[in-house]
Structures are given as structure tokens and as C-alpha cells.
Amino acid sequence: MLAEVKFEGVHKLFGAETAVEDLNLAVEAGEFMVVVGPSGCGKTTTLRMLAGLERPSYGRILIGDRLVNNVAPRFRDVAMVFQSYALYPHMNVYDNLAFGMRAHGVAAATVASRVKETAEVLGLGQLLKRRPSELSGGQRQRVALGRALIRQPQVFLMDEPLSNLDAGLRVQMRAELSRLHERFRVTTLYVTHDQVEAMTMGDRIAVMDGGHLQQVDTPETLYDSPANAFVAGFIGSPRMNFLPGRITSLGGRTAIAFLGTTAALNAKSRLISDRMDGDVLVGVRPEDLSWRPAAGPDSTLTLRAEVDVVEPMGHEAYVTALCGGQTVISRFPPRSGVRTREQVELALNPDRLHLFDARSGETILQRPVAGGAELFRSTGAAWIGAQARAGPERQRPSTAPGVPSQSEEDVIQGGTA
Amino acid sequence: MLAPALALLGLLFVFPVLYAGYLGFTNLELVGSRSHDYTFTGMDNIVRMLGDYVFVKSSQLTIIFVVGSAIIGQSVLGMALALLLRRAVVPVRLVVGSIVIVAWVLPEVTAALVWYAFSQAGGTLSILLRNSTANYLVLTPLLIVSLANLWRNVAFSMLVFSAGLRNLPTEVLEAAEVEGASTWRRYRLVILPLMKQTIVTNLLLVTILNLSEFTLIYVMTQGGPGIETMTLPLYVYQEAFNFHQLGYGTAISLVLVLFGAVFSLLFVRAARNQV
Amino acid sequence: MSAVQARAALPSRKLIVVPYRRVSLAALSTNIVLIMLGGFFVLPMLWMLLASVDSNPGWAIKLPSLTLANFTDVLGTAGALSSFRSSLILAGTTTVVTTVLAMLAAYPLSRQHIPLKRSFMLVILFASGLPVSMLLVPVYQLYVTLGWLDSLYTTALFLAASSLPFAIWLLKNFIDAVPVELEQAAAIDGASTLRILRQVVLPLTVPGIVVTSIYTFINAWGAFLIPFVLTSSPDNQVGSIEIYNFMGSHGLFQFGDLAVFSLLFSLPVIVLYLVMSRYFSGAFNFSGAVRG
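Residues numbered from 1 in each chain as written. Chains lettered and ligands numbered in written order. Predicted model: local features only at pLDDT ≥ 70, side-chain atom pairs only at ≥ 80, totals over all residues.

Colleague: Help me out: how do you make sense of the environment of C:Val42 in this one?
Modeller: Tracing the sequence through the fold places C:Val42 in helix α2 (residues 25-52). Spatially, the C-alpha atom of C:Val42 lies 35 Å from that of C:Leu135, the residues being 93 residues apart in sequence. (Helix = DSSP H or I, 4+ residues; strand = E, 2+ residues; numbered from the N terminus.)

Dropping the structure here:
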């Protein structure tokens, strides 16, 4: 029994503080939606509003077709996995799992069989008689999961369930959760601050910052086409390099001057900016900035830099270098042999550049994304919709200053690159 | 640095305790020949107690008083107040909480006085019950005294339970809500079990504190009418200082301590069993 | 930024308001029940308040014919004033002795490694609960022998002894809460023990000392049995005994005076409690005891 979830115009104020502002988000039935952002961005508040533990100050929340604003948590048919697991410390695993069903008056025989089933699925079969204090962190986490699964709810809510686990266990559980989702396909809202979890687990990701929804898209789209500098910097590790630049022209084509060099933009890309020659913020991902000797043919731009720090990661090395007066991070092959103070050549594919408005952080460059016909849609500030399937709604921050509200609907057919 | 405290305690506390342990088995009296020539009389006092119907009645009264007013009364009312105040609006919480606590802070004599006034013929209680000639202090003395004690001491339990409730893990309670438990079920299966330690601690403390209650009862009734409210502490006082039977009085006080020890053991045992 | 301003700062796009019932039935009944309970609790105290300003009071609560005559009566009586003085001497002496000794004892108990410390603390706690009735006879005997009867100061000594166990326990817990690292840091910086005590421990323990001494004072002020047994002359009757005496003299009942006297007698204690509650907020958290 899958249900979709909708947040319509939801605001949450705590006294004078706005925790969530104008949230419009739709989660499809059976979708695994990850809500990600730094601490304090409002993601947990959003989750709790869906659970019914907080009441929205304005706006509507719908589960299925039902308006649930005034529905108590116990009647919403949602299940929640808390960050601290919140297991009943005085009950054993069996009773922890059975609690929800018993609260709904399910017959004892059914309870017994469902508990057994769920315990099997999660590998808890031998632990049913134990108390939470006698379990390891990973085991407790699975009991918390089981407690949610067993109720077969319409929606799963998860509040950073993996953050209390050690690294190895976390990787394991990520895979486990994905497997469970594949199997049961329950609509899930998953909150985390870890972008790696978001990227690996989500069908779609909603990025929040300061109470505002920044962008909702698939992981790939978020990576390739971030709506603003915040999303661009949040997704991807190591973090994108942000550099000052200016719009100028080169040989009749629009170009960007940065890091002491000038790069012409791809003819198929489009610049949305009301200032045709102004300051911009240039974004370069470390993985797009490579060591000349190791770079491919598309990396037509060459930059000279001096190595500052080399951090070997085993499978590659993160190299911090000084280039054109700026500090940049680049990904080098593992045994490049470069050392501090060495002069190196960095290569860059200009088609991989991101451009952001210097003041608002909005993306101002629409690039053709490789792989088939894309639909670009913009209302006012530039944002890039997702691919062929019905574009999910995307919210733009409502307080972006200085951005003209153009009412034109621009549709560009971008061909393959 | 410990020395001064230990000295005072040693002289005026430890020594009396030990001395009392001895005196309880003597025939010391306050005045007369036995006030200097007193002897160790072994089990005589104990035999006397067992045959003393006042002692038996007094023990019964004490148990009824402690169980009724303290163990049941203060714990239940204290818990009820703690739970209700938790959910009340701030002004109500402040005002009602303060009233209950002021009742506790008042000097015992004052509490005794106001309850004396309350339960007299023509007092507020008799007017409320529309029987203005009834002196409830005489009609139902143990009940009135128990109520007065409850009124005075419930703040303690209330504070202990309030602290305990505040320490409950919020996320566990929220989990129970989301899982579908009704309010009643939440209290029965989650809140109360998690409060068990606090409840036992409270029972222990409340029993010890109320077992030796003297002033409130004495000022209100002096043990009367007759011996209707002669709990053990009052009986000790009567025997020792009114009837000058110091040895016998001390023996009775030893029984009181015994009661306290027994109750404590029972509670600690009960708590441990239900791990 | 106030809530109104926050709301005004939201985008001018229309805000969706979903109405809900602000007052639930459960909340309403909770508050009503509490108010009723509170009302019942207040009744006995109300008598005292109303009778004290009533020119013709009885035993019941009634609308007073307002007067301050009762106050002037009581305040003019030598006996009343002297009993206040006695109470002050008794409670004050007790508090000073108890607090000083408890402080001296609690510090080493908290910091030093004393063998069997835990059992000692448990014994202390248990001692706090011993019925005074048990101690009275031997102490009475002792006082007779020493000739210490009928003196407020010697009575205060015994009162202090019986208050000491709990005071030590309280104070030790407060000192425990002061991190040892602070003292160690001061020692490394070259401070002597005395200086450490004075400038590091003492200032941080002040709330604890305040709480302990106020608690001791409140108990000593209301003490009845001990002064009742150990003092006899009229000059040495403390306030609580005075009230008792008043109540015993049936025919000569001046309800109004009695009410005023008890009101005045109770006031210091209530004021002190209010002062203490500002410091006291953490002390009733029996988390240590709860675990045991």
C-alpha cells in the first residue's frame, strides 16, 4: 500500500526563528527520497512534520490524498527510525518489534509470525530475547529498522539512522537499506547530512539549506547540473573549487576569464545573465581538473600551478595547488610523483565549467548534458530540469536577491554534445 | 578536616544511637530510684511490649498511617500531580506547583494549626460537608491526620517524580506515539515501566520520612482522642517523657527503627526482583 | 526579531493556513483538574491568611472584616517577640554549626581517597532517616548529666548533629559537581591548598552552601520535638512551641492572634525557600539514587 507524500507551501516557525520556509516537495509512491543538507537546514524538522511530531505553521502536508495536518502521529500510518534508535530499553527485542502491532490490536498469532519473519529478514532471529542494552550498535539499528518494517506502513521516515555506526558498518548498512528498499518499495523519506549516503541511496535527492529547498533531482542531475553554488559545493567530494572570474569574449564567442586564462564557452551552452560582462563565480570540480600528463584530449585548457599539499588516498591523490593566485584542489593519479613546490601543468575541459552568479550563487550557465535530448526549462533564474521522464518540480529559493523574474519559458533543444 | 564533624556526630549521634541500643533493654526511668539505680533487664521490655495492647494498637496505627498516607497517598497523588503539571499551561503549573510546595515548606506546627482549624466543628471542612457541628478531628482522627500529612508532604514525591519524568528519553516516547500507542498504552507500557527506579526510590524515602512523623500528629491530637492517633513516635514520647519510662520508651523506638529497616529491605528486594 | 516580524518577512506569496483546534479536550481537563486540586490545597492556608486580618475570626474561612488590630496585638506581646528571638537563636546557631562542619567534612569526602567511602555515604544517608524519637532519650540523659538542659545553644548542638548527616550528603554532592581538574590546574599553577580552597572551590560551591544552609535553617526553624524536650523555661520557648501552647489553652483562644502569629512565623521560611529555589533547580534530580 504505497502512498505519495506532498508538502505544499509548508513553513515552520519556532517563535521568531524560521526552520523551514516555503517547502514544496512531492515524493512519489515507492520512491526513496533523501533530504540532505548541513545541520540546521531544516531537514529533521521536515521529517518530524511528516511524522506528526511537529505541526507546520503554514502549509499542507498530504499522505496519499489525505490531508494530515491535524492527524495525530499514531493515525498517520508512518513508521520512523530515529537517529538514536529510540528502542524501548525495558523490553526485549521481540516486544520492541511487536509493540506497534499490539498497539493496533493485531492478534497474537499474527504478531508472532510477523515478528519471526521480520527478524529473519534482518538477521535478528537469535536475538529476540535480548534487551537493547545487550545488543551492539549495528544490532540495535536493525531492531529499529525491523520495528518500522514490521508495521508495513505507507511511509518510512528515517532520521540519520546510520550516523551512529562506525564506518565499516555504515557501508554495510547502506547496502542493506538499498536492498530492503528494492524488495519492499515503501515510500521513504531519508534524512542525512552525509552527501555520500544521499548520492548512493536516493532515487532523488532534496538539498536543503537554511530552511529552504535548494534543488530536487536525481543524483546524476544534481552532480552535473546543480542549480546553485550551494548545491554544487555540497554534492561531490572533495568539494568543488570556486574561483572568481569575469565574462568576456574570445574570438567572437562568449568566454570566461579566470585563473589567468580565458576559456571560450561551448557554442551549445547558454548564458543566463543580465550582465553580459560582469563578475561571476566559476566552479571546477577537482575531478575535472587533472594533471596534464594524465588528462584526456577534451582537456584543452592548460594552467600552470605550484603544488602546495599532496594527500595520498591510495587509489588517487588530492593535490592542493596554487594557480593564478587561487588555491585549487585537483585529483591526481596515485603515483604521479609530484611533490610540494613543484610546478605542474593542470588540464581542464572548458565544457565542464560551472558558472554561478557572483552574488546570488544561482547557476547562470546552461550546459548541454551528454546523453540524449534534454529539456531545459527556466523561470526567472536558471535552473535545469531533469531528463525525459516527467520533470519533477523544482523549487527556487524565494529570497534570491537581484534576480530578474522573467516570465518567459525558454525551451532549448540541446543536441548531443 | 573531617574531625570536627566526626566529633560532633560521634558525641551527639553515634553515641546516643549506641546508648539507645543499650537503654532499650534496661529499666531506666526519668525520676525516682530507677533514674540512678537502673539495671539491665534483658528481654523484659520486649515481653512487656508484646503484652501491651497500646503498643499493639500503636503499631497498627503506625502501619496504617505510613501505608495510607505515605506509601499510597503521597506516591499516587505525587505522581498524579507530576504527570498533570507536566501537561499544564505555564501559569497553572507555576501557581498550583507553588501552592503544593508552600504547603511543604510551612513549619509543621503551622500545618498542624491550619488543619486543626480546618477540621474543627465550625471549621471549613465541616461547612463544606454541611455538618457544621461535626468535629472531624475527633470523629475520624486518623483520617484527618493522614490527610494533613498527605497535604503537607506530597510536594516531595511530586518533585521526585517530576525530575524522573524530565529524565525520560524523549525519542522513546515519540517512537511510541508514532507506533500507534494510545495515551493510556503509552503510560502503562512505556512511561511507568521506565519510571520504576524513581518510583522505588520515592517509596523508600517517603516511608523513612513518614515513619518518624511526630510533630504534626502531636500538635493536632496529642495521640487522642484516647489512643486513636497514637502512632509509635507519639507512644515513645508518652512512655518516655510523660510516664517517665525511659527504658521502655527507648525499646519502643527501637521497634520503630526495625520497622524502617524491614520496609527498606522489602522495597529494595522488590526492585531487584523486577529487573 | 519577534514572531510578528518573522511572519511579515515571509514572501508575499499567499500563506496556506490549515485550521486546527487550539485547545484539546485533554489539555482543558488537565488544567481544570489541577486548578481544582490547587484550590483544595489552598483552603487550609487561606484560613490563616483571612483570619489574620479579621477582627472577628472563627475556625472557618469567612470574609474578613478587615483590620490590622491582630497584627499590632501580636507584635506588641513580649512573649511573641521573645519566641521569635529564641527561634532565631536556635535556627541560626544550628545552621552555622551544621554548615561549617558539613563543609569541612564534605570536602575531604569528595576529594580524598578514603577507604569504604561508598558505604560511609550510605550509612550517612541512612542516618538521616533515623527517627529522632530514638535519639531523644539517650541525649536527654546525656544533657541531664552534663547540665546542658534548657539552653538554646546546647539544644542547637544536638539539632546540628541531627541535621549534619543530610547536610554532609548534600554538600558532598555539590562539591562533586565541581570538576577536580580545576583544582589540579590551580595546583600546577602553583597555588597552595588553602588558596585553592578559597579561590577555586569555595566560589563554585557557593550555590551548594547556600542551598544547604537554607535547607538546614528551614528545618531548624520549624523544629518542635527537640526543643520541646530539651528546653523548659518560658524564655527559651521557640516559636513552634509557642504556637502549640496557644492551641492548648482552649478557652483563651484568640483566633486572629493565633493566625497572625503563625503567619509571621511562617513568613521567613517561605521567603528563604523562594531564595533557595533559584539555586535548587538541579538538586532534586535524584539521578544517582535512581540508578541504585
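Colleague: Would you mind showing me how to read the interface of chain C and chain B here?
Modeller: Interfaces are often sized by the accessible area lost when the parts come together. Taken together, the contact between chain C and chain B spans 67 residues of the former and 71 residues of the latter. Classifying every residue of the side of chain C that touches chain B gives 53 nonpolar, 13 polar and one charged. (Contact = placed C-beta atoms within 7 Å. Nonpolar A, V, L, I, M, F, W, Y, C, P; charged D, E, K, R; others polar.)

Colleague: I tried to follow the environment of C:Ala259 on my own but got confused; where do I start?
Modeller: All names here are of chain C. Position of Ala259 relative to the elements: it lies in helix α12 (residues 255-280). Residue classification places Ala259 among the buried residues on the basis of 25 C-beta atoms within 10 Å. Along the chain, Ala259 and Thr94 lie 165 residues apart, while their C-alpha atoms are 27 Å from each other. Apart from residues lying up to four places away in sequence, Ala259 is in contact with Met48, Ala51, Ser52 and Pro57. (Buried ≥ 20, exposed ≤ 12 C-beta atoms within 10 Å, placed from the backbone.)

Colleague: It is not clear to me how the interface of chain B and chain A should be interpreted in this structure. Could you clarify?
Modeller: Listed per partner, the contact involves 14 residues of chain B and 16 residues of chain A. Secondary structure elements with two or more residues in the side of chain B that touches chain A: α9 (170-178) and α10 (183-194) of chain B. Tallying contributions element by element places α9(B) first for the side of chain B that touches chain A, with six residues.

Colleague: For this particular structure, what's the right way to read the domain arrangement of chain C?
Modeller: Residues and elements named next belong to chain C. Partitioning chain C into domains gives domain 1 (16-67) and domain 2 (73-291). On a C-alpha basis, the centroid separation for the pair domain 1 and domain 2 is 33 Å. Taken together, the contact pairs seven residues of domain 1 with six residues of domain 2. In terms of residue class, the side of domain 1 that touches domain 2 is made up of four nonpolar, two polar and one charged. (Domains from an automatic or database assignment.)

Colleague: Would you mind showing me how to read the sheet that holds strand β20 (residues 343-348) of chain A here?
Modeller: Strand-to-strand pairing in sheets goes through backbone hydrogen bonds, with the strands running parallel or antiparallel. Residues and elements named next belong to chain A. Spatially, the five strands line up as an open sheet ordered β16-β20-β17-β18-β19, and their pairing is antiparallel. The open sheet is flanked by β16 (289-291) and β19 (326-332), the only strands paired with a single partner. Averaged over neighbouring strand pairs, the angle between their axes works out to 50° when direction is ignored. Pairing analysis gives six bridges linking strand β17 (residues 301-312) to strand β18 (residues 317-323), with the strands arranged antiparallel. From the neighbouring strand, Pro312 faces β18, where its bridge partner is Ala317. (Pairing = 2+ DSSP bridges. Axes fitted to C-alpha atoms, helices over the stretch in contact; angles between N-to-C directions.)

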